Amino acid sequence: MAPAIEILIDVDTGVDDALALSFAALHPAINLRAVTCVAGNTSLDNVYRNTRAVLAVAGAGHVPVARGASRPLIAAPRDAAHVHGHNGLAGLELAVPEGGSDIHAVELMRREILASPTPPTLIALAPLTNVALLLRMYPDVAARLGRIVFMGGSASIGNATPVAEFNSWADPEAVAIVVDSGIPTMMYGLDVFYSAAVSEDDVATLERSSRPVAQLCAKLFRHMAVKDSDQKRIPDGTIAALGDAGTVCAVVDPAGLTTRRFPVSVCTDGARSRGQTIVDRRSHRGESELNGASLGQPVDVALAVDGARFAQLFRRTILEG
């Protein structure tokens, strides 16, 4: 058996972040070293509370959790309460374990990167503010990462705006720092985000389980079913996207994902284009580059996903992991 993948996860929990955390806590190929919190889908206080509560339900209350940035690097904070509910967790009120930690998210990342026996993977499912701060504060430590996998961006259309995905739109300056860092990076964006989705039978199976974590995931999928169906972006025969959880599935099962390496940059100005990830899919250099402009740094961009494969992986892990 291959050794477990050393993983750190940065979240803005968030309905689909909760699904991702449940999966990561239960999959045997993952050693979840730490979870760090950033404002995004909801306030930092909600994110911290939701994260600790979800991990407890998943039997991973021992995993260290830390608060990070309460706002983007430059822009004003903006949330997604209309999708995730007033508390970020579809209005569900979960018991929060006593205790907690005063360590800052960046310091927790630093500690766990240095302590990891192998270069860890940092999975970012939120605005990249915490990750950018790590890269700026501790570049030598960040260089020990095996890679960064982030849910964000798009090689096509956006959702927060016509061209920008929410996480990239929320803090594009942070995205720029990450994609320019030179650390191997994969972008799991909107091109695949909605394509990995669960069916009515999948959710009903989770509901019938006696496992509290399965029942929680079923409730979260029921909440998202209305949102995802309204957007008409999920495959026929499914009712709710895995969302952020698909990103973690891709780390465990990379064969289910099709990626290509392209130069990627991000627009940090312009009212209409701010947050757009510019994925250069051309086969040749253009006049702009011939006159000295940068193409952006190479990033592995997810372009297609075996959605049924990831849905099965998620369901099996939640029921049996």
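Residues numbered from 1 in each chain as written. Predicted model: local features only at pLDDT ≥ 70, side-chain atom pairs only at ≥ 80, totals over all residues. Heavy atoms only, no water.

**Here we look at the packing of aromatic side chains**
Here is step 1 of the chain: With the rule as written, the count across this model stands at four aromatic pairs.
Here is step 2 of the chain: The interplanar angle of 10° and the centroid separation of 6.0 Å between the aromatic rings of Phe23 and Phe314 together place this pair among those described as stacked. Here the residue Phe23 occupies a position in helix H1 (residues 15-26), and Phe314 occupies one in helix H14 (residues 307-320), the gap between them amounting to 291 residues. Each of the two residues, Phe23 as well as Phe314, counts as buried.
Here is step 3 of the chain: Relative to Tyr194, the ring of Phe193 has its centre 5.0 Å away and its plane inclined at 85°; by these criteria the two rings are edge-to-face. An identical accessibility class is assigned to Phe193 and Tyr194; each is buried. (Phe/Tyr/Trp six-rings, centres within 6.5 Å; stacked < 30°, edge-to-face > 60°. Helix = DSSP H or I, 4+ residues; strand = E, 2+ residues; numbered from the N terminus. Buried < 20%, exposed > 50% of the residue type's maximum accessible area, 1.4 Å probe, protein only.)

**Things to note about helix H12 (residues 244-252)**
Here is step 1 of the chain: Across the nine residues that make up H12, a large majority, nine, are buried.
Here is step 2 of the chain: Within H12, the full set of buried residues consists of Asp244, Ala245, Gly246, Thr247, Val248, Cys249, Ala250, Val251 and Val252.

**Let's talk about the pairing of strand S1 (residues 5-11)**
As a general feature of sheets, a regular strand has side chains that alternate between the two faces.
Here is step 1 of the chain: Within S1, six of the seven residues are buried, which leaves the element mostly enclosed by the surrounding structure.
Here is step 2 of the chain: Pairing between S1 and strand S2 (residues 30-37): seven bridges, direction parallel. Note that in S2 the partner of Asp10 across the bridge is Thr36.
Here is step 3 of the chain: Handedness of the crossover joining S1 and S2 through H1: right-handed.
Here is step 4 of the chain: Bridge analysis of S1 against strand S4 (residues 121-124) gives four bridges, and the strand direction is parallel. Bridge pairing links Ile7 to Thr121 in S4. (Pairing = 2+ DSSP bridges. Right-handed = clockwise from strand over helix to strand, strands pointing away.)

**What to know about the packing of H12 against H14**
Here is step 1 of the chain: Axis separation between H12 and H14 bottoms out at 10 Å; the angle between their running directions is 95°. Regarding the angle of H12 to H14, the classification is roughly perpendicular. Here H12 contributes Ala245, Gly246, Cys249, Ala250 and Val252 to the contact with H14, which in turn contributes Phe310, Leu313 and Phe314.
Here is step 2 of the chain: Its residues assigned to classes, the contact of H12 with H14 comprises seven nonpolar, one polar and no charged. (Axes fitted to C-alpha atoms, helices over the stretch in contact; angles between N-to-C directions. Parallel < 35°, antiparallel > 145°, perpendicular 65-115°, else oblique. Contact = heavy atoms within 4.5 Å. Nonpolar A, V, L, I, M, F, W, Y, C, P; charged D, E, K, R; others polar.)

**Section: the sheet that holds S1**
Strand pairs in the sheet, formed through backbone hydrogen bonds, run parallel or antiparallel to each other.
Here is step 1 of the chain: Pairing is mixed in the open sheet, where nine strands are placed in the order S3-S2-S1-S4-S5-S6-S11-S9-S10. Two strands lie at the open edges of the sheet, namely strand S3 (65-67) and strand S10 (277-279), each paired on one side alone. The sheet shows a mean angle of 30° between the axes of neighbouring strands, direction not considered.
Here is step 2 of the chain: Along the sheet, helix H2 (residues 44-57) contacts S1, S2 and S3; its crossing angle with S3, the most-contacted strand, is approximately 175°.
Here is step 3 of the chain: Here helix H4 (residues 105-115) sits on the sheet and contacts S1, S2 and S3; the angle it forms with S2, its principal contact strand, is near 160°.

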